[in-house]
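This is what each chain is made of:
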Amino acid sequence: KLDMKKINLTIVLLSISIPASAYIGPGMGGGVVAAVLGVVGAILLALFGILYYPIKRMLKNRKK
């Protein structure tokens, strides 16, 4: 029973929202966009690097 009380208290405390007066400037937004594009680009380059060489070797062996 004690665990259920803790869980309920945690849910109630997390659901109470207090308005935050915060400002995120354009520099922060640009940083987030750059970070997301960097991660996506790194994933795409990794996939390309993993797939490119076996395909290149297969095509080279096929020509011979």
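Every value quoted in this text rests on a predicted model; they were computed, and no experiment measured them.

Explanation requested: the overall build of the chain in the structure shown.
Regarding its fold elements, the chain presents 2 helices and 0 strands. In summary, the chain has a C-alpha radius of gyration of 25 Å against a globular reference of 11 Å for 64 residues, an excess of more than 25%. In terms of principal-axis extent, the alpha carbons of the chain reach across some 75 × 40 × 10 Å. In the chain, which comprises 64 residues, the share counted as buried stands at 0%. Looking at the chain as shown, the accessible area adds up to about 6,400 Å², and 73% of this sits on carbon and sulfur atoms.

What should I look at first to understand the packing of aromatic side chains in this one?
Both the distance between ring centres and the angle between the ring planes are used here to describe each pair of aromatic rings. If you walk through the whole model with that rule in mind, you get 2 aromatic pairs. Residues phenylalanine 48 and tyrosine 52 carry aromatic rings whose centres are separated by 5.2 Å and whose planes lie at 25 degrees to one another, so their mutual orientation is stacked. With phenylalanine 48 and tyrosine 52 both in helix α2 (residues 26-63), this residue pair falls 4 residues apart, about one helical turn. On the accessibility criterion, tyrosine 52 (35% relative accessible area) is partly exposed. Ring centres 5.2 Å apart and planes at 70 degrees place the aromatic pair tyrosine 52 and tyrosine 53 in the edge-to-face group. Grouped by ring-pair contacts, the aromatic residues Phe48, Tyr52 and Tyr53 constitute a single cluster.

Can you help me understand α2 in this one?
Three- or four-residue spacings in an α-helix give side chains the same orientation, since the helix completes a turn every 3.6 residues. Taking 1.5 Å of rise per residue, 38 residues should cover 56 Å, and α2 covers 53 Å from first to last C-alpha, within 8% of that figure. Of all bends in α2, the biggest is about 25 degrees, found at tyrosine 52, and the proline proline 54 comes one to four residues later.

Rules used in this analysis
- Residues numbered from 1 in each chain as written.
- Predicted model: local features only at pLDDT ≥ 70, side-chain atom pairs only at ≥ 80, totals over all residues.
- Heavy atoms only, no water.
- Helix = DSSP H or I, 4+ residues; strand = E, 2+ residues; numbered from the N terminus.
- Rg over C-alpha atoms; globule rule 2.2 N^0.38 Å.
- Buried < 20%, exposed > 50% of the residue type's maximum accessible area, 1.4 Å probe, protein only.
- Areas by Shrake-Rupley, 256 points an atom, 1.4 Å probe, with all protein chains shown as cover.
- Phe/Tyr/Trp six-rings, centres within 6.5 Å; stacked < 30°, edge-to-face > 60°.
- Expected span 1.5 Å × (residues − 1).
- Bend = angle between axes of the 7 residues up to and from the residue.

None of the figures reported here should be taken as evidence of function without further support.
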